[in-house]
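# Fold and contact review
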Amino acid sequence: MQHTPKDTRQDILQPTQKALLRSIPKVDTLLTHADLQDFDKALILPLIYEYLQALRDSILQGAVPHTDINTHAAKIKAKLKQSQIPTMQSVINATGVVIHTNLGRSVFSKEILDEITPLLSTYNTLEYDLHKGKRGERYIHATQILAQMFGVESALLVNNNAASVLLILNTFAQGKEVIISRGELVEIGGSFRIPEVMKSASSILCEVGATNKTHLRDYENAINEKTAMIMKAHQSNFKQIGFTKDCHIKDIIALAKKYNLIDYFDLGSGHCGILSLKDEPSVSEICKYKPSLLSFSGDKLFGGPQLGIILGKKKLIDKLKANQLLRALRVDKFSILALIATLQAYIDKAYHKIPTLNMLSIPLEKLESRAKVLQSLITQSHISQQVQVEMLKLSSLAGGGSVPHIEFESWGVSLQSKILNAKAFEEKLRLKGLITCIQKDKILLDTRTLLPHDEEKIVMILESILEQNND
């Protein structure tokens, strides 16, 4: 005869533990407590369950927690208030990484936001044609400008450039081969890999060439009756040097045309040619060769909102629009309006409205001047005796998986607390919203990525930390 084993945990509990477990308040008792009864039950109930389970666990592990019902209620109330604090907060980027993916990539200027706010705060013609009095197309507002700006037949928007790749491959190469250089099977943030997205799009990967060298003949030799597309993926987040060779998009376009195939260039991070970037093709330059399809991100070097911008032949864009997948990848009104305002800034040559362009093109002497101001503000503050501050030359980065081979000369300051070690200092600064870097046991503040009035905010943060620790 089999016996079901007993849970012996209760058998080995000490009398004190049993008493503490019995003293744990009931859920209903806590729900009706004066401190908690006014909260929405759906909000407070999960926290009560979580709190009581943690209380049981602590008792079973030998702890002796308090038994006062008011203390329990107060702790649960504090947890609820903590859970309601917004996790999306404004921070100061002093890292020198301009398009910082973790910090929101390209920021918007007040001018851009002021231009689009009136349309965001009212009903608008997002998908309504005033002339025809019926439903219109949401993409037309920006795509007409894009087509004129870059001299292409048509354009389309999706919610990011990864979506561009997925939509294009799914539309034109489902069950068919896509030829791509082995050296361009890139991975971007979030483990988004070209081979994996091809699989998701039901395309067949046909990689050619070697890791470091791919010739035009490699592409041509791989073409067969199953080939639908020749794809080029720009190495935007890494750079190969040494014994390397790749094929120019101009030659790939000509080869695709010869065999009646689609050529597609995934540029990744596109720029308009305003910035002087060595070995980094611009969107305008590529469009001169009339590619079948080209896509890039709107919120990287372009300096706009997060979306994927697709340019190319009208007949191909129309097929992309007919793909049911587009519904899941479509952009919202904010992104469209922010893109339109950004495009207009380019057209008007009002580059001051695009912070990404501004930060990447700040003259070195201006950065040095800003570093002097920041150093002076810190040394003149009443915590000057608690921190050592020095000016120094730094190297900034574009970030966002863009031009990794280019460093931008910059100026900044280093900080060394006389109270805290570098790791503890960095953590306290971070928790106050100042994001920095550590180098050789010193905190570095790069002035390139500081926005107006950040210097004063930095001093206030330093004072709040160092005064507190001095006490």
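This text follows the structure it describes.
Residues numbered from 1 in each chain as written. Predicted model: local features only at pLDDT ≥ 70, side-chain atom pairs only at ≥ 80, totals over all residues. Heavy atoms only, no water.

## With respect to the packing of aromatic side chains
Any two aromatic rings considered together are summarised by their centre-to-centre distance and by the angle between their planes. Overall, the coordinates contain five aromatic pairs when judged by the stated rule. The interplanar angle of 80 degrees and the centroid separation of 6.5 Å between the aromatic rings of Phe150 and Phe296 together place this pair among those described as edge-to-face. With Phe150 in helix α6 (residues 140-150) and Phe296 in strand β11 (residues 293-297), this pair connects stretches of sequence that are 146 residues apart. For the pair Phe150 and Phe296, one class covers both residues: buried. (Phe/Tyr/Trp six-rings, centres within 6.5 Å; stacked < 30°, edge-to-face > 60°. Helix = DSSP H or I, 4+ residues; strand = E, 2+ residues; numbered from the N terminus. Buried < 20%, exposed > 50% of the residue type's maximum accessible area, 1.4 Å probe, protein only.)

## Overview of helix α3 (residues 41-60)
Taking 1.5 Å as the rise per residue, α3 with 20 residues should run 28 Å; its terminal C-alpha atoms sit 28 Å apart, in good agreement. Among all positions in α3, only Ile44, Leu45, Leu47, Ile48, Tyr51, Leu52, Leu55 and Ile59 are buried. Residues of α3 that are buried sit in contact with α1 (15-23), α2 (27-31) and α4 (69-83). The distance from a side-chain oxygen at the start of α3 to the backbone nitrogen of Ala42 is 2.8 Å, and the residue carrying that oxygen is Asp40. Once α3 finishes, Gly62 follows within two positions and takes phi at roughly 105 degrees, a positive value. (Expected span 1.5 Å × (residues − 1). Contact = heavy atoms within 4.5 Å. Polar contact = N/O pair within 3.5 Å; in protein donor to acceptor, adjacent residues only side chain to side chain.)

## Focus: the packing of α3 against α4
Packing of α3 against α4 leaves a shortest axis separation of 10 Å and a crossing angle of 125 degrees. Here α3 lies oblique to α4, going by the angle between them. The two elements α3 and α4 cross, and the hand of that crossing is right-handed. Taken together, the residues of α4 that come into contact with α3 (itself represented by Leu43, Ile44, Leu47, Ile48, Tyr51 and Leu55) are His72, Lys75, Ile76, Lys79, Leu80 and Ser83. (Axes fitted to C-alpha atoms, helices over the stretch in contact; angles between N-to-C directions. Parallel < 35°, antiparallel > 145°, perpendicular 65-115°, else oblique. Left-handed = near helix turned anticlockwise from the far one by under 90°.)

## A closer look at the sheet that holds strand β12 (residues 308-312)
One open sheet accounts for seven strands, arranged β4-β12-β11-β10-β9-β5-β8; its pairing is mixed. Looking at strand neighbours, the two that pair on one side only are β4 (154-158) and β8 (204-208), the edges of this open sheet. If you compare each strand with its neighbour and ignore which way they point, the axes differ by 25 degrees on average. The pairing of strand β5 (residues 177-181) with β8 spans five bridges and is parallel. Paired with Ile180 across the bridge in β8 is Glu207. Lying over the sheet, helix α7 (residues 161-172) contacts β4, β5, β9 (227-233), β10 (262-269), β11 and β12, oriented at roughly 170 degrees with respect to β10. (Pairing = 2+ DSSP bridges.)

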